[in-house]
Each structure stands twice: as structure tokens, then as C-alpha cells.
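Chain by chain, the residues run as shown.
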Amino acid sequence: DMLLVSDPDVHRSAAALSVGVGHLADPIDKQGLAHYLEHMLFLGTEKYPEVGSYKKFLDEHSGASNAYTGGAITNYFFQVSHVGFEQALDRFSDFFKSPLFDKKYAAREVKAVNNEHEKNKLNDGWRGGFVQHQISEPKHPLTKFGTGNQKTLSGDNRPALLEFYNKYYAASNMKLALISNKPMDSLFDIAQKHFSDIPYRLI
């Protein structure tokens, strides 16, 4: 599904892609996997293998990006100057077609996930969520530890990572939103060009 917004007065172009899976679907023995996958997607694709090149491109075109992993969705988004929009979409869309999941960054990103968990401990909102998990029905998905840390993501995560990506990261489980000053016909053509070849699988 796509939502396209053409607005001649908008100052920057932007995109968001939501995948219909989050940490509630984590394997019980790899809690934090959905969040870890979110991190790993930013670390190079077949077409753009250089780590950091996506951020560098956005920085050079007045842009920024981020992502978050929720219970039932994982959302990726960016904004960028109008002139850099299509090139940014080319880079962005490759996350969902040909990520490298480079093994040499695997341990580094587990540490990054762990650092995020340590930071979250000081956040009252996160603490409230932790309490909710503790009082949920035993074995319910809400009891899972969604952020993950070095303990829950110890060992070789690659087989579980690839299985999770190949199962859930499909066009049939995604929604895309684009906003730009480009005409609607142009936006539709750009979306088709960059996102129509994301694999379609029934979830």
C-alpha cells in the first residue's frame, strides 16, 4: 500500500516505510532481534555497500533519517531536499531489497543495541513499559524484552536475522508514504521505480 502526497509548498521531501512486524514477533531465544535487524539495515546494501554512505548523502542534501521498532511495526523514515529525493529513495529502497547484513558489523551493532538499552533504563516511559511486561500473562508476547541487549543477542544472530527478514520484510507486509513538491504522476512513477521490485510474499 502507498500514500502519496504532492504539496507544492512543502519545504523538503520525505518518505516513511512501515513493516508490519516488531519485537512481539521476536524468537524467544533471540529477544531484541527485530530491533537488531533495524540497526543492521543501515549498514550497507548491494548497490550501496559503503557503511555510512546513506547518512553522508542525506547530510549533504539537508536531510536526516531515523527508525524505530515497536511491538507490531518497525518504521523507517527520512527527509531530504527536493533535489536529493529520488537518489535518497534509491538508497532507502535498497534496504528492503538487498541488505548486506555484513558479518563484520554484527558484534558492533549488538553493542549499539545494548547501549540503547542502558540509556533506556533512565527513561520513565521505558520503565513503565518494563512494568507492563512484568505483569503481563506469562508466555504472552508482551513479556518479551523488545530492546534486546548483549545477553539476549549473544552468539551467532545471523541465521535468525536472515530468517526473520525473509519471513516478514515483504511488500505484502509494508506500507509506504511519500511527500514531496513533485507532481502526483511523478511521485507515482518514482515509487513504482524504486519499490515495485521488493519481493511479495504472503506472511
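Every chain is numbered on its own, with residues counted from 1 as its sequence reads. Side-chain atom pairs in this predicted model are given and counted only at pLDDT of 80 or more, local residue features only at pLDDT of at least 70, and totals for whole chains, interfaces and linings cover all residues. Each side-chain value is derived from all of the structure's non-hydrogen atoms; neither hydrogens nor water enter the calculation.

S.K.: Run through the packing of helix H2 (residues 53-60) against helix H3 (residues 85-94), naming residues and quoting values.
M.R.: Every angle, taken between N-to-C directions, lies between 0 and 180 degrees, and every axis is a line fitted to C-alpha atoms, over only the stretch in contact when it is a helix. Counting from the N terminus, the helices are the DSSP runs of H or I reaching at least four residues and the strands are the DSSP runs of E reaching at least two. Running from N to C, H2 and H3 cross one another at 165°; their axes reach a closest spacing of 11 Å. The pairing of H2 with H3 is recorded here as roughly antiparallel in orientation. For the crossing formed where H2 meets H3, the hand is left-handed. In this structure, H2 uses Ser53, Tyr54, Phe57 and Leu58 to contact H3, whose residues at the interface are Gln87, Ala88, Arg91 and Phe92. Side-chain classes follow a simple rule in which Ala, Val, Leu, Ile, Met, Phe, Trp, Tyr, Cys and Pro form the nonpolar group, Asp, Glu, Lys and Arg form the charged group, and the remainder, Gly included, forms the polar group. Here the residues of the contact of H2 with H3 are counted per class, giving 5 nonpolar, 2 polar and 1 charged. Here the angle decides the label: under 35 degrees means roughly parallel, over 145 means roughly antiparallel, 65 to 115 means roughly perpendicular, and every other value means oblique. Two helices cross in a left-handed way if the nearer one is turned anticlockwise from the farther one by less than a right angle. They cross in a right-handed way if the turn is clockwise. We call two residues in contact whenever any of their non-hydrogen atoms come within 4.5 Å of each other.

S.K.: Tell me what's going on with the pairing of strand S5 (residues 174-180), and back it up with residues and numbers.
M.R.: A 1.4 Å probe rolled over the protein chains alone gives each residue an accessible area, and that area as a share of the maximum for its type sets the label: buried under 20%, exposed over 50%, partly exposed in between. Every second residue of S5 is oriented toward a common face, the buried set being Met174, Leu176, Leu178 and Ser180 and the non-buried set Lys175, Ala177 and Ile179. Following DSSP output, two strands are said to pair if at least two bridges run between them. Sheet analysis places strand S1 (residues 2-6) next to S5, joined by 5 bridges and oriented parallel. Note that in S5 the partner of Leu4 across the bridge is Leu178. One ladder, built from 6 bridges, connects strand S2 (residues 13-19) with S5; its direction is antiparallel.

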